[in-house]
Structures are given as C-alpha cells and as structure tokens.
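# Summary of structural features
Spelled out from the first residue to the last, the chains are:
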Number of protein chains: 4
Amino acid sequence: MSEKVQPIAYGMIGGGQTGYIGKVHRTSAELFGRFKLRAGIFSSDPEISLASALELGVVPERNYASLEAMASQEKARPDGIKAVIITTPNHLHGQAIKIFSQAGFHVICDKPLTASLEEALEVKKIVDCSPQLFMVTYCYTGYPMVREAKALIANGTIGNVRMIKVEYPQGHLATAVENTGNKKFQWRVDPKRSGEGGTVADIGTHAFHMLRYVSGLRVTSVSAQLNSFVETRQLDDNAVVNLKLENGGIGLIWVSQVAIGHDNSLNFKVYGDRGSLEWTHRNPSNLWLMRLNQPNKLITRGSPEATPQSKRVTHLPAGHPEGYHEAFANLYLEAATFIEELASGQSNCSEVDYPGITDGVEGMKFVNAAIQSSQDNGRWFELN
Amino acid sequence: MSEKVQPIAYGMIGGGQTGYIGKVHRTSAELFGRFKLRAGIFSSDPEISLASALELGVVPERNYASLEAMASQEKARPDGIKAVIITTPNHLHGQAIKIFSQAGFHVICDKPLTASLEEALEVKKIVDCSPQLFMVTYCYTGYPMVREAKALIANGTIGNVRMIKVEYPQGHLATAVENTGNKKFQWRVDPKRSGEGGTVADIGTHAFHMLRYVSGLRVTSVSAQLNSFVETRQLDDNAVVNLKLENGGIGLIWVSQVAIGHDNSLNFKVYGDRGSLEWTHRNPSNLWLMRLNQPNKLITRGSPEATPQSKRVTHLPAGHPEGYHEAFANLYLEAATFIEELASGQSNCSEVDYPGITDGVEGMKFVNAAIQSSQDNGRWFELN
Amino acid sequence: MSEKVQPIAYGMIGGGQTGYIGKVHRTSAELFGRFKLRAGIFSSDPEISLASALELGVVPERNYASLEAMASQEKARPDGIKAVIITTPNHLHGQAIKIFSQAGFHVICDKPLTASLEEALEVKKIVDCSPQLFMVTYCYTGYPMVREAKALIANGTIGNVRMIKVEYPQGHLATAVENTGNKKFQWRVDPKRSGEGGTVADIGTHAFHMLRYVSGLRVTSVSAQLNSFVETRQLDDNAVVNLKLENGGIGLIWVSQVAIGHDNSLNFKVYGDRGSLEWTHRNPSNLWLMRLNQPNKLITRGSPEATPQSKRVTHLPAGHPEGYHEAFANLYLEAATFIEELASGQSNCSEVDYPGITDGVEGMKFVNAAIQSSQDNGRWFELN
Amino acid sequence: MSEKVQPIAYGMIGGGQTGYIGKVHRTSAELFGRFKLRAGIFSSDPEISLASALELGVVPERNYASLEAMASQEKARPDGIKAVIITTPNHLHGQAIKIFSQAGFHVICDKPLTASLEEALEVKKIVDCSPQLFMVTYCYTGYPMVREAKALIANGTIGNVRMIKVEYPQGHLATAVENTGNKKFQWRVDPKRSGEGGTVADIGTHAFHMLRYVSGLRVTSVSAQLNSFVETRQLDDNAVVNLKLENGGIGLIWVSQVAIGHDNSLNFKVYGDRGSLEWTHRNPSNLWLMRLNQPNKLITRGSPEATPQSKRVTHLPAGHPEGYHEAFANLYLEAATFIEELASGQSNCSEVDYPGITDGVEGMKFVNAAIQSSQDNGRWFELN
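Attention in this report is confined to the structure presented alongside it. (Residues numbered from 1 in each chain as written. Chains lettered and ligands numbered in written order. Predicted model: local features only at pLDDT ≥ 70, side-chain atom pairs only at ≥ 80, totals over all residues. Heavy atoms only, no water.)

At the junction of the two partners, chain D supplies 35 residues and chain C supplies 35 residues. Between chain D and chain C, roughly 2,900 Å² of surface is buried when both sides are summed, and carbon and sulfur atoms account for 62% of that area. Put simply, chain D and chain C have zero salt bridges between them. Our count for the chain D to chain C interface comes out at 10 residue pairs in polar contact (both at pLDDT 80 or more). When residues of the side of chain D that touches chain C are traced back to their parent elements, those giving at least two are α1 (21-30), α2 (46-55) and α12 (324-343) of chain D. Looking at side-chain class alone, the side of chain D that touches chain C contains 17 nonpolar, 11 polar and seven charged residues. (Contact = heavy atoms within 4.5 Å. Buried area = accessible area lost by both parts, 1.4 Å probe. Salt bridge = Lys/Arg side-chain N within 4 Å of Asp/Glu carboxyl O. Polar contact = N/O pair within 3.5 Å; in protein donor to acceptor, adjacent residues only side chain to side chain. Helix = DSSP H or I, 4+ residues; strand = E, 2+ residues; numbered from the N terminus. Nonpolar A, V, L, I, M, F, W, Y, C, P; charged D, E, K, R; others polar.)

Here it is as structure tokens:
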C-alpha cells in the first residue's frame with residue numbers, strides 16, 4: 001500500500017506580487033502535489049518580497065534578503081528546501097543559478113538561461129559539476145501533442161525531416177508600450193536587464209528549442225534578420241531566422257512581438273519525405289498528421305491511437321481541454337520524478353524528459369549567432 | 001499586509017482510486033490553494049478506501065466507515081473539515097447530502113443531483129434549511145467564455161433571445177462497452193445506480209443547465225425523444241429535447257453518447273433579434289459574436305474587450321490556453337469565497353456565481369419531464 | 001475522333017434582370033458548354049422580359065408573352081428549344097411544368113416544386129406521363145463531398161445510420177426586411193406567392209432532400225415546431241423538425257432565416273453504429289470521417305482516396321476550390337447526360353444522379369406535414 | 001436598352017487534351033460569356049491538336065500548324081480572333097507572345113512569363129510597342145478577398161506594412177513522380193522546358209506577385225535558399241526567400257512542392273503597425289482582420305461591410321462559395337473590359353485591375369535573383 005509521497009520543498013527567486021510568470025510556476029509546480037513553496041526572495045524590493053511571502057504562506061523568517069543567506073540558512077534547516085525556482089529578469093538568472101547549484105540545490109530556471117552567451121557558458125561549467133537537477137523551463141515541450149509529434153518523428157512516421165518551420169507571433173509590443181509606464185513590459189525591452197536579444201531571446205529561444213526538441217536534429221548554422229519595428233525600441237521585436245540542419249534539411253523560425261492579432265500563437269510544421277505534422281498552441285490538444293496519398297488525420301490528446309509518450313503526460317480524458325498549466329506542470333512532474341529517483345538512489349530515469357543545461361546554453365548560442373548574423377546582413381553563422 | 005488565508009479543510013465521499021472525476025474535483029478544488037483534503041470515505045470497499053486515503057495523504061483515522069461516523073467525528077475535531085465533496089454514483093448522492101447538510105457542513109455534489117426527482121425534492125427540503133453552501137458542479141459554467149456569453153446576453157448585446165441550441169455529443173457508448181467488463185461504464189448505464197435517465201441525466205443535465213445559465217430564461221415545457229441505440233442497453237443513450245422558453249423563444253437540446261468522433265463536444269448557439277453567439281468546448285477560450293450587418297467577431301478569453309464577468313475568472317493572459325481544470329476550479333473559487341464571506345459575517349456575495357440546489361432540482365425536473373414526454377411520444381410536458 | 005456535342009437549346013421561365021437565381025441557373029447550365037439559352041419569358045412584366053432577353057442574347061421573337069405561345073412556337077421551330085428551366089416564384093411553377101411537360105419538353109424547375117402539396121400531386125401525374133427529363137434543382141446534392149458522404153454511407157463505412165442532423169441557418173430575414181420595400185425578399189414571405197410554408201419550404205426542402213439523399217433512408221413521420229419570430233411575418237421563419245426513419249433511426253432538421261451571422265450555412269452530421277460523417281457548406285470540399293478508435297480523417301475533394309462517385313463530379317485538382325456554380329452545374333451535367341442518352345436511344349443511365357419528380361413531391365409532403373404537425377402542437381404526422 | 005455584347009473571339013496556343021490548365025483558362029474565360037474559342041494550336045503533336053480542336057468545337061481549318069500561319073490567317077479573316085491565350089510549357093511562351101503581340105492581337109499568357117529573365121526582357125520590348133492588352137495570369141489575385149485585402153491596406157486600415165508573409169505549399173512532388181512516366185509532371189522539372197527555376201518559378205512567381213499585389217510595395221532585394229529535396233531532381237522543389245521592401249518592411253516567401261498534405265495552400269499574412277490581415281486559399285471567401293485591442297474580425301465575400309473593390313468581382317451572394325474558376329474568370333472579365341473599352345475608344349480604364357507585362361517581368365527578375373542568391377549562399381541580391 002503506497003503512502004503519499006511528501007512534496008518537495010522549494011524556494012523562489014523572483015515571482016512576487018508583480019508579473020505573472022512566478023504564479024504560473026507555483027501553480028504548475030504544485031498542480032499535482034509534488035512541490036511545496038517554503039522560502040524565497042520574491043522581489044528585489046524588501047517590502048514587496050515580505051508582502052509576497054506572507055500572501056503565499058511563507059513564514060517571514062524564510063523570506064530572505066540575499067541569495068547567499070537563503071542558500072546557507074535553508075541548507076542548515078532540517079526542513080530546508082531542496083529546490084529553487086528562478087523567475088527573475090534574465091540578467092539575474094546567472095548569479096542565482098551559480099549560488100544555488102554550488103550549494104547543492106536542485107535548480108529550475110526560466111528561459112532564456114542568461115542575458116548573454118558568455119554568462120551561459122560560465123553557468124554551464126558550474127551546473128555540470130552538480131549531480132542535482134537543472135531544468136530550464138521551455139514550457140511548451142510539456143504539451144502532450146508536442147510529445148506526440150516528437151514520438152512520431154522519432155519512430156519514422158513522417159520519414160526523414162526535410163524542413164521544419166516554427167513560428168511564435170505575439171502582438172503585445174506592436175506599439176511603444178514600454179514608454180507608457182507599464183512596468184510589465186519595460187525590462188523585456190531593456191538590454192541591461194534582458195540581454196542583447198529582444199524577441200529573439202524572449203520567445204526565439206522557445207521556438208529554437210521547439211525545433212530541436214521535436215525534430216531531434218542539430219542545427220549547424222543560422223542566417224538571421226532582426227528588426228526593431230517600433231522606432232524607439234533598442235532591442236529587436238521581430239526575427240526571421242533560416243537554419244541548416246545536420247541531416248541536410250532546413251529550418252525556418254519566425255518570431256514576432258509586433259504581430260497584431262496574436263497572443264501566443266506558437267506553432268510548428270514539420271515536413272518529412274513520408275509525411276508531415278502540424279501543431280498550434282491555439283488548439284494544443286490537436287496534432288495533424290498528413291501522409292502521402294492518405295486523408296489528413298487529426299490526432300487528439302488522450303485518444304486511443306496516441307503514443308505512450310503523449311499518454312504519459314495526459315491527465316484528463318480526451319475532449320476535456322488541458323492547457324498551459326498542465327503543460328508547465330508536466331515539466332515539473334519530470335523534475336519531481338528525477339529528484340525523487342535521485343534521492344532514492346534509483347537511476348532508471350530513461351523516461352524522464354525535460355530541458356537541461358545543454359538546452360539552455362544552446363538557446364543562448366542561437367540568440368548570439370542570430371544577432372551576429374543579422375548585424376552581418378544575414379551571413380550564415382555556425383552554431384558551434 | 002494580507003496574510004495567506006488558510007485553505008478550507010474538506011472531505012470526500014467517493015472519488016477513490018477508480019474513476020477519474022474524484023481526482024478532477026480534488027485537483028480543481030486545490031488548484032488555487034483554497035481547499036485542502038483532510039478526510040473521506042473514498043470507496044464502498046473499505047480496502048480501496050484506505051488505500052486511497054493513504055495515497056492522498058489522509059491520515060487513516062480520518063478514513064471513515066460510514067457517513068454518520070464521518071459527520072459526527074469531523075464535527076467534533078477542532079481541525080475538522082468544513083466542507084464535503086460528493087462524487088459517488090448518482091443513487092448515493094441523496095443520502096450523503098442529507099447527512100452532511102443537516103450536520104452543518106458545506107456540501108458540494110456532482111451532477112445530476114440525485115437518481116430521481118422525488119429524491120431531489122426531498123434533498124432540497126433539507127438543504128433549504130441550511131445556511132451553509134450547497135453547490136452542484138455543473139462545471140462547464142466555470143469557463144470564462146461561457147460567463148462572457150451570459151454577460152453579453154444579459155447586457156442586451158444580442159437582443160431578445162429567439163432560440164438557444166445546446167448540444168453535448170460524446171461517443172464512448174457507441175458500442176455495448178458495458179458488456180465488456182469495463183467498470184467505468186457499468187454504473188452509468190445501470191438504472192439502479194444511475195437513475196431512470198441515461199444520457200439525458202448524465203450529460204443532458206449539463207446541457208439543460210447551460211441553456212438556463214447562459215440565457216437566464218426559464219423553460220416552460222419540454223418535448224423529448226429518447227433512444228437507446230445500443231440494443232442491449234436499458235437506459236437512453238441519445239436524446240433530442242425541444243423546449244419552450246418563458247419569453248416565447250425556443251430551445252433545442254441534443255445529447256448523445258453514441259456520436260462517434262466526439263469526446264466532450266459540448267457547444268451552444270444563441271440567436272437573438274440583434275445578434276448571435278456561438279461557443280464550443282473544443283475551443284473554450286473563443287466566443288463568436290455575430291451582429292446584424294457586421295463582420296463576425298471572435299472574442300477571446302483575456303482579451304482587452306472581454307467583459308468583467310469573464311475577466312474575473314480568467315487566470316492566464318490571452319493566448320495561454322486554460323481548460324477543464326481551471327473551469328472546474330472557478331466553481332470552487334466561487335464556493336470558497338462564499339464560505340469565507342459567510343464565516344466572516346460579510347454578506348456582499350452579489351458577485352458569487354455558482355449552481356445551487358435550485359439548479360440541481362431543475363435538472364432533475366428536466367430529466368423527469370423528458371423521460372415522461374418521450375414515453376408519451378413526445379407530448380409537451382410543463383416543467384412547472 | 002469525337003466531335004463537339006452541340007449544346008442543348010433551352011428556354012427560361014423567370015430569371016430576368018431582378019433576382020439572382022436565374023443567373024445562377026444559366027451560368028451553371030452553360031458552365032461546361034452543355035446547354036445554351038435560346039428563348040424565354042423572363043419576367044411577368046413584358047418590358048423587363050424583353051430587356052432581359054436582349055441582354056442575354058435571346059432574339060426578340062423568342063421572347064414570349066405566354067407559356068402556351070412559347071411552347072407551341074418553340075415546338076414548331078426546327079431549332080427550337082428542347083428544355084425549359086423554371087425559376088419563377090413558387091406559385092407559378094406548377095402551371096409552367098404542366099404546359100411544358102405535356103408539350104414534350106424536358107423540364108427543370110427550381111425548388112420547392114410548387115406552392116402546395118395538392119398542386120405537387122397534380123403536377124406529378126402529368127410529369128409521370130412524360131418520358132422526358134424532369135429535374136428539381138436541389139442543388140446542394142451536386143457538391144462532390146455530398147456525393148462522397150452518400151457513397152460512404154451506401155458502402156457501409158459508417159454502418160447503420162442511427163441519427164442524421166441537417167441544419168440550414170440563414171440570417172437575412174432576422175428583421176422585417178420585407179417591409180422596407182426590398183422586392184427580393186417580398187415574395188418569399190408572401191403566402192400567395194410562396195405557398196403555406198416560409199422557411200420550412202424555402203430551405204426546409206433543401207434540408208429534407210439532403211437528409212434523404214445522403215442517408216438513402218425513408219422518413220416515416222415528422223414532428224415539427226414552426227415559428228415566426230419576426231412579429232409582422234405571416235410565414236414561418238424558423239423550423240425545428242424531428243423525424244423518424246424507416247430503419248429505426250431518427251432525424252433532426254433545423255432551418256432558420258433569422259439566424260444572424262449565417263448566410264447559407266447548410267450542414268449535416270450523420271451518426272452510424274460504426275462511424276460518423278460531417279459536412280458543411282462553409283467548407284464544401286471537406287468531409288470529416290470519424291470511426292471508432294481511429295483518428296478523425298478529413299477527406300478532401302479530388303484526393304486520391306475519394307470515391308468514384310465524388311471524383312465523377314470533380315472538375316479541378318484537389319486544393320483548387322470549387323463552389324456553388326460547379327455544384328449546380330453538376331446537376332445540369334447529369335441532366336444533359338440523361339437528355340443526350342435518351343435522344344440517342346441509349347439507356348445506360350445507371351450512373352445519372354439527379355433529383356426528380358418524386359423528390360419534388362416528397363419535399364412538398366414534408367412541408368405539408370411539418371405545417372400540420374406544428375399547428376397540432378408537434379403531434380407526429382406520417383409522411384405517406 | 002442594352003443588347004448583349006458579342007463575346008471576344010480568341011485562339012489558344014497549347015491547352016489540348018492533356019494537362020488541365022488549358023481547360024481552366026477556357027472555362028474561366030467563357031464563364032460569364034465574354035470570350036469564345038474559335039481557333040488554336042492545341043498541341044505540338046498535330047493529331048492531338050486536331051482532335052482537341054474538334055472536341056472543342058473549333059473548325060478544322062482554324063486548327064493551325066504554326067504560330068505564323070495562325071497569326072496571318074486569323075488576321076485576314078473578317079471573323080478572325082482578337083485575342084490569344086498561351087498555355088504551353090514555359091519555354092514556348094516567349095515566341096508565341098512576340099508573334100501575336102507584333103501581329104496586333106491581345107495576348108494572355110500563363111505564368112511564369114518565360115523560361116529566363118533574358119527572354120522576359122526581350123518580350124517586354126515587343127509587348128511595350130503594342131497598344132493591345134497583355135495579361136499574365138497570376139490568377140489568385142482574382143479572388144475577391146485578395147482584392148479586399150489590397151483595398152484595406154491601400155486605405156490604411158492596418159497602417160504601415162511591417163512584414164508580409166506569403167506561403168504556397170504543395171505536396172505533389174514529394175517523391176520522384178517525374179520518374180514514373182507521368183507526363184503531367186515531367187516538363188515542370190525539366191530545365192529545358194521549365195527554365196532555370198523549378199518551384200521558385202512555378203509557384204514562387206505566384207507568391208511574389210501576391211506579395212506585390214496585396215502590399216502595393218516594391219521589393220528592393222532578396223536572399224534565397226533553394227533546395228532540391230528529391231535527390232534525382234535537377235530543379236529546386238522548395239524555396240525560402242527573405243525580402244526587403246521599399247518602405248523598410250520585410251517579406252518572407254516560402255514555396256514548396258514537397259510539403260506533403262498540401263494541395264494549393266497559398267496563403268498570406270500582412271502585419272502593419274495598426275492591424276493585420278490573414279487570407280488562405282483553403283477558405284478563399286474569408287479574410288481575417290485584426291486590429292489593436294479589438295476582437296479579431298472575419299470579413300466574408302459579399303458581406304455588407306466588404307469594400308467596393310471586392311464587391312465588384314463578387315458574383316454570388318455571401319455564403320454561396322465561389323472558387324478558382326470565378327477567381328480566374330475575374331481576370332478575364334478585367335481583360336474583356338479593357339479590350340472592349342479600347343475597341344470603343346473609351347479610356348476610363350481606371351478600375352481595370354489585371355497583371356501586365358511589368359508584373360510578368362518582375363516575376364522573372366524575382367526568379368533570377370532568387371536563383372543567384374541561393375547559389376551564392378543566400379547573399380542579398382538587388383531586384384532592380
């Protein structure tokens with residue numbers, strides 16, 4: 001008779017009362033009861049941090065003033081946290097990762113990994129020394145039908161991949177909203193806090209990882225065209241990136257935050273020599289499968305014919321919509337499984353599927369190469 | 001500075017290791033941290049009940065053997081539960097409601113309210129005597145765009161309602177699955193446990209409530225045609241019901257569990273004298289608004305132009321899909337607000353919007369009238 | 001070496017400068033060169049008729065003043081017309097059919113057949129005496145994917161039909177447009193010219209024929225609810241009709257001309273015991289096929305896997321949209337084939353598929369029964 | 001009282017019994033009675049040409065053996081043709097255009113204009129000397145909702161264009177079908193008959209013209225990546241082309257004939273600083289209009305709010321699908337109007353909207369630049 005496994009205690013860096021992504025992390029991490037918030041530094045403003053802690057049920061003594069204090073004191077507590085979730089602006093990711101990774105915590109960090117490739121490579125050196133979990137939350141790979149697509153490509157259903165297109169259009173930066181005093185948008189268009197990349201980093205890394213994840217193919221080089229369509233904007237708000245794949249195939253990424261009419265219309269289309277696949281975030285429970293001389297088929301989440309890989313991360317029967325929370329939660333479920341297996345000395349993690357430090361670094365290499373290519377009028381840049 | 005409100009302790013009747021709806025209730029109730037499971041009778045089989053309790057983190061002493069024991073012992077505990085969630089087969093709802101309502105607990109019960117109208121009326125008498133919350137979980141009214149539709153009708157956007165169609169096709173009973181030993185399906189097609197109504201009760205009550213909820217109109221009479229298309233089946237598996245509305249308009253409900261290709265394709269269309277609305281569960285974040293001589297418009301959850309009524313129950317920014325868990329959770333959020341306001345002596349519940357005992361009884365009247373009408377070759381039956 | 005077959009000369013009754021349906025008939029009849037307009041009475045107003053004739057390239061002497069004159073004089077000409085197309089208001093169909101049918105012409109008439117069932121039965125007696133073609137233009141059965149659906153049902157792909165739903169919502173009569181001086185709408189809501197049925201006749205006959213055509217099943221009885229939602233309107237503008245099918249299955253028809261947001265959203269869904277089919281006029285080249293435990297499939301016009309029955313009436317490669325003209329033209333192609341085979345003494349008309357006098361009379365029986373049923377509060381009326 | 005205008009007599013070069021595009025031209029040209037076939041050279045094989053002529057109702061004496069004979073003899077006839085439609089393989093376009101243009105005929109030619117840019121420029125010199133019509137059939141600009149998009153951009157509805165994406169995926173060359181003896185595919189992948197460009201010429205010219213037509217913006221330079229994914233293929237079967245627009249905006253074209261699951265899925269999306277537009281050939285009567293902080297709107301062909309520019313080329317009421325034939329016919333209607341106005345000495349051709357010689361040459365410049373850019377690893381090539 002199995003007893004309930006105790007949830008993994010975690011702390012947060014960032015994710016206070018302003019902004020929405022911190023709440024998404026908490027809701028998703030705790031959705032299926034595998035994590036429980038116990039500590040944190042919720043804001044760089046001490047008052048906001050304390051207020052957030054109280055609201056979130058964190059006792060005041062575990063609302064910390066510095067990363068170092070949090071790491072050392074939580075380490076010392078018998079009921080100390082085991083994991084840290086980092087949801088600060090990008091330029092603060094690196095330091096937090098280093099401190100908590102070196103101190104032996106499991107670390108989960110929002111994307112992009114850091115504000116620069118240089119920092120990403122430094123971070124990787126430290127993370128590589130730790131046996132603990134490191135996860136970067138490219139959350140869209142948690143959707144069951146994204147997993148379905150990956151599985152169908154891996155099992156040869158559409159043959160050799162010739163081309164993969166990934167688009168991620170959003171429209172919220174179509175005007176100069178950063179000049180209207182809206183804090184939510186300011187740090188994302190500020191190179192000091194966001195890094196060199198604007199849209200290409202913020203959502204381009206999602207698109208790039210999606211391409212890599214679904215196809216399983218390495219990208220050898222990129223040619224990019226970045227634009228800042230809003231005149232006063234310092235960072236790019238639209239990017240078109242051509243990619244060459246290791247197998248001779250090609251990729252095409254378009255990401256935009258000035259595409260009016262779109263909220264989070266991430267989508268991909270993969271064309272192989274035996275068939276094709278199409279998925280869009282607008283209907284995340286559907287996957288189109290198209291094969292030579294056959295009617296196009298709509299595979300739905302939870303349907304009998306779905307692969308084990310998508311069924312494994314499906315929670316509700318077919319026809320009951322799941323969404324962003326469940327997709328995000330799936331990454332946290334993978335993380336929890338990894339952490340628990342590690343703790344118990346088990347090592348059969350073969351099935352655990354989450355984006356790690358290498359994926360985080362790759363994302364930054366992509367951003368870096370895209371920026372350089374664009375500055376050099378679209379010249380092809382090798383990715384490695 | 002607001003501190004975290006402690007979650008409301010609750011117990012469950014039913015919802016053990018078999019079946020999925022118990023898990024949906026728990027996940028949804030706890031999704032935003034407002035409820036916490038502490039006790040229960042999870043199965044009529046004591047071994048399964050205990051195993052479920054342990055798995056769910058309920059201490060063995062609070063896994064009870066009878067409704068009465070649970071009610072009295074929890075009442076006696078200083079940390080006793082305040083609310084009960086009932087997710088048993090339909091024929092067991094009534095007794096559980098009565099015992100816990102009389103004992104002063106808040107009661108939340110799955111639909112349909114009971115297995116017969118007679119029992120529903122009895123239950124109502126008891127529930128009416130209690131100041132505590134009673135909620136029946138017609139969960140689909142928790143979708144933000146269903147609320148949007150209700151708000152747009154209420155504010156006159158589409159004028160006077162002429163016709164409202166609600167459909168709920170499912171396909172999982174298209175063959176005699178109940179004869180294959182699959183427990184999941186058996187009680188639903190067994191009159192002893194489900195009641196007189198099959199599909200008309202199981203999902204017809206959802207459709208009827210949706211019609212009532214969205215239009216805000218009373219139904220005066222019904223004419224129904226129930227079929228059992230699978231020969232060996234005792235209960236209906238398909239129902240067409242015509243309805244007359246208090247304002248001279250008409251309704252049309254079609255529910256089916258033999259509609260191959262459909263999982264939970266609940267949808268409604270409302271036609272007014274100035275415009276129309278269309279919603280489908282397949283894309284729950286979209287609502288079509290069509291007005292005379294204007295382009296059809298797609299209103300999306302979380303968009304700037306949405307009404308306060310839908311924004312109030314929206315958790316993620318536009319473009320991040322929400323689903324069944326969030327819709328279900330919205331009912332639990334309403335319930336939590338009601339319970340907390342009641343506890344604090346506040347009475348400004350004007351905004352709280354959840355289905356109560358009257359809605360539960362109305363559903364049973366609908367089932368009862370539909371069955372009688374069908375047996376009488378579709379003769380019109382007054383609803384009241 | 002095959003020489004071009006000369007087109008069949010035809011005349012028109014109605015279809016002058018006002019109204020659009022006459023033009024659709026001409027364009028469709030002549031789309032593939034099988035018919036050629038040579039004579040007519042294009043309007044009851046002689047001036048309009050002459051003007052229309054001239055515009056259409058009909059010589060003035062073949063613009064006639066009466067049905068009788070047209071019949072006798074065209075009969076007498078060596079180059080006289082062989083066929084007549086009738087597109088007048090409904091109350092004038094009967095007389096024209098009788099005169100031209102008795103005079104030995106092929107007759108093609110718009111739907112509904114007549115303004116009353118009585119007249120339809122009279123007309124049938126006369127038409128039955130003629131070996132010539134009689135076609136009533138239920139044009140939507142000319143769509144290739146409607147033919148595909150019929151073929152798939154006939155070959156057992158979805159098993160025994162349990163339920164078939166046909167809807168035809170339009171919105172152009174949502175307000176009292178007939179009171180605004182718009183001639184286009186007036187005759188359709190005038191019982192003297194349209195007949196007893198409003199929407200139930202105008203588009204209800206289309207829906208009923210679609211149900212019959214696709215399913216191949218006879219309707220045994222109907223229970224109807226007709227409404228006139230626009231207060232000043234004498235005829236129905238919305239109809240819900242329940243139907244019993246000869247095989248124990250059921251039908252459900254909803255037609256409306258007050259459904260704001262819809263233009264010609266004819267659609268059907270057929271549920272069998274092994275699968276389902278869905279078609280909508282909004283995407284007429286698509287047909288959804290749904291089978292037990294298989295992914296839903298989208299069959300497209302002209303695709304390799306389509307049946308011969310739909311390929312036979314497909315003109316453009318897959319992916320090049322066809323529309324209403326081609327669907328309508330397909331009926332005329334069937335008619336031309338019948339006429340040519342009859343003329344040549346060939347009788348292998350097995351493949352010719354068009355709606356004839358029986359279909360026209362059935363439509364009127366449907367209208368008649370629906371009206372009676374509605375007047376008797378939805379009592380079931382036998383159709384035969 | 002207006003009499004019927006006599007149709008314009010035309011001849012065809014190509015378009016015999018094999019291939020489908022010749023038939024599309026004839027059907028579309030004659031759809032509304034403005035053109036009539038009277039002469040031609042329907043095939044390079046004299047027997048096929050004669051057989052085709054007979055089948056098409058062309059008298060044998062007007063089935064010619066050479067372009068020169070056809071031009072001189074038709075010129076000499078009192079009832080001679082006024083216009084020529086050229087639908088041969090690409091490498092034969094140039095000579096035919098020159099001969100008939102110099103001889104004073106109106107010339108209508110399929111796309112791409114020629115097999116090489118060099119030849120296109122030569123042809124232009126000759127065509128520029130003729131006052132007669134020259135049209136190249138970029139047929140997709142005949143769709144009403146494409147015209148609607150152009151009109152909305154021209155009137156500022158979506159503001160300044162930042163980006164325009166045009167895609168044209170097809171799948172019929174996904175395998176080496178040209179090696180299976182299927183004549184239909186052979187010439188298109190044969191550089192001798194098709195020219196240097198494969199897919200980039202065959203459908204890339206459609207996509208490029210669509211971008212130009214809808215946006216009204218000039219393209220200053222292109223960077224292209226052409227692939228031949230089928231190994232044995234000499235010409236490209238997939239092309240990604242980045243474009244710079246004169247106003248600082250960018251373009252992105254993707255065309256493919258190896259995209260399994262697609263037939264003719266031409267589509268475009270235009271992003272301006274005030275709104276966006278989306279159109280797809282799969283639903284050609286719909287146009288999405290998305291504006292800042294407004295619900296997305298679906299504009300439909302024939303709807304009251306459509307612009308005069310789309311209404312002008314709309315033939316059927318909203319909700320009755322039009323398709324490829326009508327779109328193609330709209331170009332022929334424009335051509336007929338031009339020809340008739342020219343003949344009558346009228347010059348108010350302001351509204352006539354069809355693609356001419358400049359558009360044809362531009363298409364070839366695009367193909368040429370794309371090929372050169374691709375050979376030079378995607379280097380940017382100026383278009384002029």
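Next up on the list: the environment of Asn264(C). Tracing the sequence through the fold places Asn264(C) in the loop between β9 (250-256) and β10 (267-272). According to the relative accessible area criterion, Asn264(C) is buried, its value standing at 7%. C-alpha of Asn264(C) to C-alpha of Glu167(C): the two residues are 97 residues apart in sequence and 9.9 Å apart in space. Setting aside its immediate chain neighbours within four residues, Asn264(C) contacts Tyr140(C), Tyr168(C), Pro169(C), Gln170(C), His281(C), Ala318(D), Gly319(D) and His320(D). There is a polar contact of 3.2 Å between the side chain of Asn264(C) and the backbone oxygen of Ala318(D). (Buried < 20%, exposed > 50% of the residue type's maximum accessible area, 1.4 Å probe, protein only.)

Residue and element names in this part refer to chain B. In this structure the tally under the stated criterion is 75 salt bridges over all chains. Here Asp128 and Lys124 are joined by a salt bridge, their closest N and O atoms 2.7 Å apart. Here Asp128 and its partner Lys124 are both found in helix α5 (residues 117-128), four residues apart, which amounts to about one turn of the helix. By relative accessible area, which is 46% here, Asp128 ends up partly exposed.

What follows covers the interface of chain A and chain D. Contacts between the two partners involve 38 residues from chain A and, on the opposite side, 38 residues from chain D. Summing both partners gives a buried area of about 3,100 Å² for chain A against chain D, and 55% of it is carried by carbon and sulfur. A per-residue breakdown of the area chain A buries against chain D is headed by Arg162(A), Gln225(A) and Ile260(A), which together make up 23% of the total. Remark: the boundary between chain A and chain D carries two salt bridges. We note a salt bridge from Glu167(D) to Lys165(A), for which the minimum N-O separation is 2.3 Å. Applying the counting rule to chain A against chain D returns 15 residue pairs in polar contact (both at pLDDT 80 or more). Sorting the residues of the side of chain A that touches chain D by element identifies β6 (161-169), β7 (219-227), β8 (238-245), β9 (250-256), β10 (267-272), β11 (275-280) and β12 (286-291) of chain A as the ones contributing at least two each. Considering every element that reaches the side of chain A that touches chain D, the biggest residue donor is β8(A), with five residues. Class assignment of the residues belonging to the side of chain A that touches chain D gives a composition of 16 nonpolar, 14 polar and eight charged.

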